[in-house]
Amino acid sequence: MVNKTIVEGLKPYGLGEKLRTLRRKKSMGLVELGKHTAMSAAMLSKLERGKLFPTLPTLLRIAMVFGVGLDYFFTDERKRHVVSIVRRAERLRFPESPGLGTIAYHFESLDFKATERKLNAFYAEFESVHAEAVRMHQHAGVELLYVISGSLELTIGSDIYTLDSGDAIYFDSAVRHNYRRLGKHSCSAVIVTV
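Student: Give a description of the overall build of the chain that names residues and reports values.
Tutor: On a plain count of helices and strands, the chain comes out with 5 helices and 9 strands. In the chain, the succession of α and β elements from N to C terminus is α-α-α-α-α-β-β-β-β-β-β-β-β-β. By the compact-globule yardstick of 16 Å for 194 residues, the chain is too spread out, its C-alpha radius of gyration being 25 Å. Over its C-alpha atoms, taken along the principal directions, the chain stretches across nearly 75 × 35 × 30 Å. Across the 194 residues of the chain, 31% fall into the buried class. Carbon together with sulfur atoms contributes 56% to the accessible area of the chain, which is approximately 12100 Å² in total. Separation of charge centres in the chain, based on 28 positive and 21 negative side chains, amounts to 12 Å.

Student: Explain the sheet that holds strand β5 (residues 151-156) to me, and be specific about the residues and the numbers.
Tutor: Taken in spatial order, the 3 strands of this open sheet run β6-β5-β8, and their pairing is antiparallel. The open sheet has two free edges, formed respectively by β6 (159-164) and β8 (177-182), since each of these has just one partner strand. Adjacent strand axes in the sheet meet at a mean angle of 20°, parallel and antiparallel pairs treated alike.

Student: Give a description of the side chain of His177 that names residues and reports values.
Tutor: For His177, the position within the fold is in strand β8. Here Val175 takes part through its backbone oxygen, which lies 2.9 Å from a polar atom of the side chain of His177. The residues touching His177, leaving out its near neighbours within four places in the chain, are Arg135, Met136, His137, Gln138, His139, Glu143, Thr155, Ile156 and Phe171.

Student: Can you break down helix α3 (residues 30-37) residue by residue, with the values?
Tutor: For α3, the full list of buried residues reads Leu33, Gly34 and Thr37. Looking straight down α3, one finds that the buried residues subtend no more than 105° of arc, so they occupy a single side. Away from the buried face of α3 by more than 90 degrees, exposed residues Val31 and Lys35 are located. Immediately downstream of α3, the backbone of Ala38 shows phi near 60°, a positive value.

Quick notes on the rules
- Residues numbered from 1 in each chain as written.
- Predicted model: local features only at pLDDT ≥ 70, side-chain atom pairs only at ≥ 80, totals over all residues.
- Heavy atoms only, no water.
- Helix = DSSP H or I, 4+ residues; strand = E, 2+ residues; numbered from the N terminus.
- Rg over C-alpha atoms; globule rule 2.2 N^0.38 Å.
- Buried < 20%, exposed > 50% of the residue type's maximum accessible area, 1.4 Å probe, protein only.
- Areas by Shrake-Rupley, 256 points an atom, 1.4 Å probe, with all protein chains shown as cover.
- Lys, Arg positive; Asp, Glu negative; His and termini not counted.
- Charge placed at Lys NZ, Arg CZ, Asp CG, Glu CD.
- Pairing = 2+ DSSP bridges.
- Axes fitted to C-alpha atoms, helices over the stretch in contact; angles between N-to-C directions.
- Polar contact = N/O pair within 3.5 Å; in protein donor to acceptor, adjacent residues only side chain to side chain.
- Contact = heavy atoms within 4.5 Å.
- Arc of directions from axis to C-beta.

Have a look at this one:
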C-alpha cells in the first residue's frame, strides 16, 4: 500500500496520465513499451492508472524511450499557463524596425504572456508609405495574415497581392515579403506566424 502522503504529493503531477499520453502518441502498446523498459505490461498498466508510482530509475528508463527529460513528468499542470489573456491596455506598440526612418507598420504582440507558445500572433496597423520606402523581410516558418480593415498590398518574392477587409493569405514566410497600406483609410490586420 502506497503511503497517503506520497499519493497526495505526486497526484498533481499526473505521472500515469503523462505516461499514457506519451505511449499513445507513439501508438505503442503496453507490451511493446515493456520490451523497451524491461517492465511487465501489468506493471506499466498500474503505473498509468496511478495504482503504482515508479522509482526514479524506472521513470528515467521510460523517459529515455520517449526522448523526454525527467522534468516532463514533474511539471505541475496546475502551474502551467494553458490559458493566457492579454488585455488591450497591456499591449505595447512597436514600430517594424526602430530607427530605420520610414515605418511601414506598427505591431502589438497578442500572445506575449503565453508560455510554451506554438505560434506568434500580432495585431498590426499599416502606415501610408511610398512603395520604394518599404523594406523586404523574411523569417523562418509560415505566416497567416487576416485583414481587419482597409486595403493592403503584400509583396511575396516578385508577386504582388492586394487584400481587402475580410481577406486572408497564408504563405511561406522564408520568402522575402513586405506590406504596404493602399489608400487613405486606416488598415489593420492580425498576423500569425509559426
